[in-house]
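# Coordinate analysis (summary)
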Amino acid sequence: MTVLDKLNFVAFNPLQNNNPIAVRRRKLMAKIDEQIQLATNKDYTPTQHKWVTDDEGKQTKVEVAKRVKRWWTASVDGKINLVVRYGSKPLEFSKGKNAIELASEADVADTLRKVREAAELGELDALIEQQAQFGRRLTLKNK
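Before going into details, it helps to say that this report is about the structure given with it. Quick caveat, the model's predicted, so the values are computed rather than measured. (Residues numbered from 1 in each chain as written. Predicted model: local features only at pLDDT ≥ 70, side-chain atom pairs only at ≥ 80, totals over all residues. Heavy atoms only, no water.)

## A closer look at the pattern of salt bridges
Short version of the rule: For this document, the term salt bridge refers to a Lys or Arg side-chain nitrogen within 4 Å of an Asp or Glu carboxyl oxygen. Only runs of H or I of at least four residues qualify as helices and only runs of E of at least two qualify as strands under DSSP, and these elements are numbered from the N terminus. Only protein chains enter the accessibility calculation, which uses a 1.4 Å probe; a residue is then buried when its area is under 20% of its type maximum, exposed when over 50%, and partly exposed in between.
For the coordinates displayed, the defined rule picks out eight salt bridges. A salt bridge links Glu129 to Arg24; the shortest N-O distance between them is 2.6 Å. Pair noted here: Glu129 is in helix α3 (residues 125-142) and Arg24 is in helix α1 (residues 20-40), with a separation of 105 residues, a long-range link. Relative accessible area serves as the criterion here: at 27%, Glu129 is assigned to the partly exposed category. Note on Arg24: relative accessible area 15%, which makes it buried. A salt bridge links Arg113 to Asp110; its shortest N-O distance comes to 3.2 Å. Here Arg113 pairs with Asp110, and both are found in helix α2 (residues 108-120), just three residues apart, close to one helical turn. Assessed through its relative accessible area of 41%, Arg113 is described here as partly exposed. Counted as one network, the salt bridges with shared partners bring together Asp33, Arg116 and Glu120.

See the structure below:
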């Protein structure tokens, strides 16, 4: 008996990573992770890589700071309003309600973790689809 005879061979079926719902879900979760970093670490500055061409025509890859807008603001009464965005538009959780009201800024990271978990479980798929359709309608209308 050889070593290979002891192994259990099966057909490999890779996951379909190009599923549009899964792609949108991962995009939202990545943005939520970035917001969690902003909420928990005051010194966090996200970076991105950029190709820069010098005077001689040589291209080099450099790391530059990326501008990220916080999703939460303090309201007049001292409460925190957290807006979850997909793209540049806030997600509308129910008719006319697109913000989550929090007692203090300390609750932002925990709430974002809960929203991320909901996105991971697929609870926000319908809202994300509405945002994607909204953007798609605008581009189709302009053509």
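## Things to note about the sheet that holds strand β4 (residues 80-82)
Test applied: We call two strands paired when DSSP finds no fewer than two bridges between them. Inter-axis angles, ranging from 0 to 180 degrees, are taken between N-to-C directions of lines fitted to C-alpha atoms, where helices are fitted over the stretch in contact. By the convention used here, residues are in contact when the closest approach between their heavy atoms is within 4.5 Å.
On the basis of which strands lie adjacent, the open sheet formed by three strands has the order β3-β4-β7 and antiparallel pairing. Looking along the sheet, the strands with just one partner apiece sit at the ends: β3 (72-74) and β7 (100-102). Taken pair by pair, the neighbouring strands of this sheet meet at an average axis angle of 25°, ignoring direction. With three bridges joining them, β4 and β7 adopt antiparallel strand pairing. The residue bridging Ile80 from the neighbouring strand is Leu102, located in β7. Of the strands in this sheet, β3, β4 and β7 touch α2, which is tilted by about 150° from β7.

Any functional reading would require information beyond the geometric quantities listed.
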